[in-house]
Amino acid sequence: MKTRRLYTGALMPAIGLGTFGSDHVSADEIAEAVKGAAEVGYRHFDCASVYGNEDRIGGALREIMRGGVRRADLWIASKLWNDKHGEDDVIASCRKSLDDLQLDYLDAYFVHWPFPNYHPPHCDVQSRSPNAMPYIHENFMRTWRKMEELVDLGLARHIGTSNMTIPKLRLLLRDARIKPAVNEMELHPHFQQPELFAYVRANGIEPIGYCPVGSPNRPERDRTPQDTVDIEDPVIVKIAERLGVHPAVVCIKWAVQRGQTPIPLSTKRRNYEANLRGATGDPLPAQEMREIAGIDRNCRLIKGQVFLWKQGQTWEDLWDLDGAIRT
Ligand SMILES: NC(=O)c1ccc[n+]([C@@H]2O[C@H](COP(=O)([O-])OP(=O)(O)OC[C@H]3O[C@@H](n4cnc5c(N)ncnc54)[C@H](OP(=O)(O)O)[C@@H]3O)[C@@H](O)[C@H]2O)c1
């Protein structure tokens, strides 16, 4: 298993299994996939309270450890949901995830989104929280101080960010006592985020890549007519044909080789096994890596519309595209 060394010296497996059922895969199916993935060699699992399945995954993890896998050899991450940014909620939320997952500590705990704007699971993209707010750095730092306390308490070995931008990270790095060790961000061949990717690595933060296959089965609400399809890209398909693998596996090979840690979800053994084999097998030649670098379409799939806080905004306002944090 390839690993990434974090700034603490800890080693994180360079591929993980995603566990978001995209509103249509049941908690039990995800828990089965976690068990099956551990059998074929996965040790990294990307969880979140909002995925609504941590209690089932907890049962799977217990079985995995009963089967002889040591806790120290697992890398388990979870995430703080948007309605739990309050100072009294952060530690309680982490403890709830730990209880559900049947663990004493997490390897990584993320702030899932930098906005405290709650929306219920399964809601429509037009849905808006009446109390929605922009990113307010002072408020985020109050949440982050509690995240730091989780490290002090030994409940999380590392803390991380997710869905951040360079301007927001710059402020956090200026003010954090314990800086993020990991940053979870959307990364796939059609959305390579080269500036943010370079920025986090230059600051000693490991990038975790979500939707690494381009999330072909994502919920309807996360689809727009402009979205492109990574696994149908002629460059990806050509390499897949050369290797005799599914195009998804090419996305995973590229991700691991580029330096991010992909967290593909699959509930099918042949697929999650092929992804793991892709991650650990022979590298792609430099020419194919260059060809994939050339197919970036800047196509963000998870746009985050439900976090918008003002009338007349578009999802681009969430991502600080001109280098300034929107207020
Ligand atoms: N931090 C965040 O805000 C955030 C946002 C989104 C996602 N995530 C995390 O990232 C994980 C991955 O994202 P995702 O699940 O949306 O997208 P993804 O991993 O890009 O795509 C998953 C889909 O690809 C298919 N697939 C995977 N490997 C395959 C293979 N080798 N051959 C054929 N099909 C394959 C799977 O179908 P089968 O099951 O049929 O194989 C599954 O439906 C999530 O589960 C979650 O843990 C985090």
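These lines cover the structure that appears in this document, whether it is placed above or below. Here the structure is a predicted model, which means the values were calculated and not measured.

Cut-off values and rules
Every residue gets a number counted from 1 within its own chain, in the order that chain's sequence is written. Local features are withheld for residues below a pLDDT of 70 in this predicted model, meaning they are given only at 70 or higher, and side-chain atom pairs are given and counted only at 80 or more; totals for whole chains, interfaces and linings count all residues. Here the side-chain values reflect all heavy atoms present in the structure, with hydrogen atoms and water set aside. Under the scheme used here, helices are H or I runs from DSSP no shorter than 4 residues and strands are E runs no shorter than 2 residues, and both carry numbers assigned from the N terminus. The classification of residues rests on relative accessible area computed with a 1.4 Å probe and restricted to protein chains. Under 20% of the type maximum is buried, over 50% is exposed, and intermediate values are partly exposed. Accessible areas in this description were obtained via Shrake-Rupley with a 1.4 Å probe; residue shielding takes into account the shown protein chains only. Being near a molecule or strand, for a residue, means having at least one of its heavy atoms within 4 Å of it. Each polar contact in these results corresponds to two N or O atoms within 3.5 Å; when the atoms are within protein, one needs to be able to donate a hydrogen and the other to accept it, and residues that are neighboring in sequence are counted only if both atoms are side-chain atoms. Polar here means any residue outside two lists: the nonpolar Ala, Val, Leu, Ile, Met, Phe, Trp, Tyr, Cys and Pro, and the charged Asp, Glu, Lys and Arg; Gly therefore counts as polar. Counted as salt bridges are all cases of a side-chain nitrogen of Lys or Arg within 4 Å of a carboxyl oxygen of Asp or Glu. Note on pairing: two strands pair once DSSP finds at least 2 bridges between them. Handedness is read with the strands pointing away from the viewer; a crossover is right-handed when the path from the first strand over the helix to the second is clockwise.

Details of the overall build of the protein
- Helix and strand content of the protein: ten helices and ten strands.
- Along the three orthogonal principal directions, the C-alpha set of the protein runs to about 50 × 50 × 35 Å.
- Each of the 327 residues in the protein was classed as buried or not, and the buried ones make up 58%.
- Of the accessible surface of the protein, which amounts to about 14000 Å², a share of 49% is contributed by carbon and sulfur atoms.

With respect to the site of the ligand
- Around the ligand, a shell composed of 30 residues is seen, among which Val-213, Ser-215, Asn-217, Ser-266 and Lys-268 lie nearest.
- The separation between an oxygen atom of the ligand and a polar side-chain atom of Lys-268 is 2.4 Å.
- Between Asn-275 and the ligand, the recorded distance is 2.9 Å, taken from a side-chain N or O atom to a nitrogen atom.
- For the ligand, the protein covers 92% of the area, taking 910 Å² as the surface of the free molecule.
- Among the secondary structure elements, those contributing two or more residues to the shell around the ligand are α8 (247–258) and α9 (269–280).
- Classifying every residue of the shell around the ligand by side-chain character gives 13 nonpolar, 13 polar and four charged.

Quick notes on the pattern of salt bridges
- This model, assessed by the stated rule, comprises 24 salt bridges.
- Between Asp-28 and Arg-56 there is a salt bridge, and its shortest N-O distance comes to 2.7 Å. With Asp-28 in helix α1 (residues 27–40) and Arg-56 in helix α2 (residues 54–66), this pair connects stretches of sequence that are 28 residues apart.
- The partly exposed category is assigned to Asp-28, whose relative accessible area is 46%.
- For Arg-221, the salt bridge goes to Asp-222, with nearest N and O atoms at 3.9 Å.
- Taking relative accessible area as the criterion, Asp-222 reaches 13% and is therefore assigned buried.
- Look at the salt bridges and you will find they share partners, linking Asp-23, Arg-221 and Asp-222 into a network.

Some words on the pairing of strand β5 (residues 75–80)
- Among the six residues in β5, six count as buried, and that is most of the element.
- The side-chain alternation of β5 yields two buried faces, one formed by Trp-75, Ala-77 and Lys-79 and the other by Ile-76, Ser-78 and Leu-80.
- In this sheet, β5 lies alongside strand β4 (residues 44–46) in parallel orientation, the contact comprising three bridges. Looking at the pairing, His-44 lines up with Trp-75 of β5.
- Handedness of the β-α-β unit built from β4, α2 and β5 comes out right-handed.

Details of the environment of Gln-226
- Following the sequence through the fold, Gln-226 ends up in the loop between β9 (206–210) and α7 (234–243).
- Among the residues examined, Gln-226 registers a relative accessible area of 62% and is labelled exposed.
- Considering only alpha carbons, one finds Gln-226 and Ile-252, 26 residues apart in sequence, at a separation of 23 Å.

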